[in-house]
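Observations on the three-dimensional arrangement
Residues per chain are reported as follows:
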Amino acid sequence: MIRDTRALLLTLSFILAGAAATHASDPSISSALPPANPLKARITNGIVTAKLYLPSADKGYYRSTRFDWSGAIYSLTYKGHEYYGPWYDKIDPTVINWVHRDGLVVSGPCSALMGPANEFQKPLGFDDARTGGTFIKIGVGVLRKDDGPYNSYKPYPVLNPGKWTIRKSRNQIVFTQELSDPDSGYGYIYRKTVRLEKGKPELTIEHSLKNTGKLVIDSNVYNHNFVVLDHRPPGPDFTFRVPFSIHIAPPAPGRPPRVNNFTVVRDNQIVYLKPLSGVDEAVVAIQGFGDSAKDNEVVMENKKVGAGLKISNDRPLSRELLWSIRTVLAVEPYIAINVQPGNEITWTDTIDYYTMTGAR
């Protein structure tokens, strides 16, 4: 009874915090550095333990305008292996996206998030809004448009972060954002459930997006999957593979396709030629997938530490990208989002964590 009461009080406190945040209008929210004591939560199924930052306009770790504010996992451990964590050394509000500086990886506020972070890359209503008008970034809120083209790496003033409700139990957290913007005609209810499945090392992230506005929601979404497996740099110890043959144009007949100075593509795998170090950066635009959800799967393993993970989604890919520097190996699988007024769309990410001793 005491435990249930505490859980109810926690839920109510988050609802009230979310309601108060609805009226936030401080333009500095979008570029603010993380507070000293951001809101956090911990979930476990007895096998895997995950630690998350919670969305809040004044106490949230992440309050910028690129990534969805919910479900930010800054640590996940399984059998002594750490899968997520900071890939940057510091945050600088003057930086757009991220940079190498004085031997450090320095992130701007927009990109400073960890773990399986979602971004709805295409904003709603930006092209139709006048300068000084409003547009929407799903999972963030109503933003103020400036006089330049849209740049997801640049923070915009957050005029209304919507109403966030958070419900937590031992092994899962349910995040709900309700947002309405009469000026633009858009509105939605966005729900994300982050759950560690009972009895197995598996993380499920369920999403639903209901269109409560007057206009069609036409966007795309991807999970950045910032993997920092035991803080090992991407290199030959890592295996990266997908279920299809990766199509990259070869540089010359008879030679393997070399897409940058650090990797080659071999059928369905991307192979690192050397450990990334210094200012090395490897980017691969992945092609060759079909229109079936079975192609929306990635396996990443490190044979030296003996651990890996498999990331899959139940919807077909629209785009896929691999990005890595010395501190992180990230894959970005995109799916298309199109929701008519009154309708709802759902999609699910499943991440399996494992060690190399088991058959996989």
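Here, the structure is the one placed above.
Okay, so let's go over this structure. In this text the structure is predicted, and so the values were computed from the model without any measurement.

This brings us to the environment of Ser152. In this fold, Ser152 is placed in the loop between strand E10 (141–144) and strand E11 (158–160). A relative accessible area of 11% means that Ser152 is categorised as buried. In the structure, Ser152 is positioned 56 residues away from Ile96 in sequence and 9.3 Å away in space, judged by C-alpha atoms. Ignoring anything within four residues of it in the chain, the contact list for Ser152 reads Arg66, Cys110, Glu119 and Lys137.

So, on to the packing of aromatic side chains. How two aromatic rings sit relative to each other is given by the distance of their centres and the angle of their planes. With the rule as written, the count across this model stands at 21 aromatic pairs. Ring geometry for Phe120 versus Tyr190: centroids 5.4 Å apart, planes at 90°, classification edge-to-face. Linking Phe120 in strand E8 (residues 118–120) with Tyr190 in strand E14 (residues 186–196), this pair joins segments that are 70 residues apart in sequence. On the accessibility criterion, Phe120 (1% relative accessible area) is buried. Pairing Tyr150 with Tyr156 gives two aromatic rings, centres 5.6 Å apart and planes at 10°, and the pair type is stacked. A relative accessible area of 1% means that Tyr156 is categorised as buried.

Take the sheet that holds strand E1 (residues 40–44) next. Strand order in the open sheet made by the four strands is E1-E2-E3-E4, with antiparallel pairing throughout. Strand pairing shows two members of the sheet lacking a second neighbour, E1 and strand E4 (81–82), which therefore form its edges. Here strand E2 (residues 48–53) pairs with strand E3 (residues 72–78) via six bridges, running antiparallel. Opposite Lys51, over in E3, you have Ser75 as the bridge partner.

The next point concerns empty space enclosed by the protein. In this structure the tally under the stated criterion is three cavities of 30 Å³ or more. Its volume calculated, the largest cavity comes out at about 80 Å³. Together, Asn118, Val221, Tyr222, Asn223, Asn296, Ile311, Asn313, Pro333, Ile335, Trp347 and Asp349 line the largest cavity. Counting only elements with at least two residues in the lining of the largest cavity, the list comes to strand E16 (217–223), strand E23 (307–313), strand E25 (328–339) and strand E26 (344–355). Here the lining of the largest cavity gets three residues from one element, more than from any other, and that element is E16. Residue classes in the lining of the largest cavity are distributed as six nonpolar, four polar and one charged.

Across all of its chains, the model carries 12 salt bridges by this definition. For the salt bridge of Asp146 with Lys154, the shortest nitrogen-to-oxygen distance reads 2.6 Å. Of the charged contacts, one joins Arg195 and Glu197 as a salt bridge, the two residues approaching to 3.1 Å between their closest N and O atoms. A single network of salt bridges, built from pairs that share partners, joins Arg66, Glu119 and Lys137.

Thresholds applied
- All residue numbers refer to positions counted from 1 along the written sequence of the respective chain.
- Predicted model: local features are reported for residues with pLDDT of at least 70 only, side-chain atom pairs are reported and counted for 80 or more only, and whole-chain, interface and lining totals are derived from all residues.
- Only heavy atoms go into the side-chain values, all of them from the structure, while hydrogens and water stay out.
- Secondary structure is summarised from DSSP: a helix means a run of H or I of at least four residues, a strand means a run of E of at least two, and numbering begins at the N terminus for each.
- Three labels apply to residues, based on accessible area from a 1.4 Å probe with only protein chains included: buried if under 20% of the type maximum, exposed if over 50%, partly exposed otherwise in between.
- Any two residues having at least one pair of non-hydrogen atoms within 4.5 Å are treated as being in contact.
- Only rings of Phe, Tyr and Trp enter the pairing, Trp through its six-membered ring, and a pair is recorded when the two centres are within 6.5 Å. The plane angle decides the type: under 30 degrees is stacked, over 60 is edge-to-face, the rest tilted.
- Two strands are said to pair when DSSP picks up at least two bridges between them.
- Computed over the protein atoms alone on a 1 Å grid, cavities are sets of points where a 1.4 Å probe fits but cannot get out and pockets are open sets with protein on both sides within 12 Å along at least five of seven lines; a residue lines them when it has an atom within 4 Å of a point.
- Grid points are joined across faces, edges and corners, and a volume is the space filled by probe spheres set on the points.
- Side-chain classes are defined by residue name, with Ala, Val, Leu, Ile, Met, Phe, Trp, Tyr, Cys and Pro counting as nonpolar, Asp, Glu, Lys and Arg as charged, and the others, Gly among them, as polar.
- By salt bridge we mean one thing: a side-chain nitrogen of Lys or Arg within 4 Å of a carboxyl oxygen of Asp or Glu.

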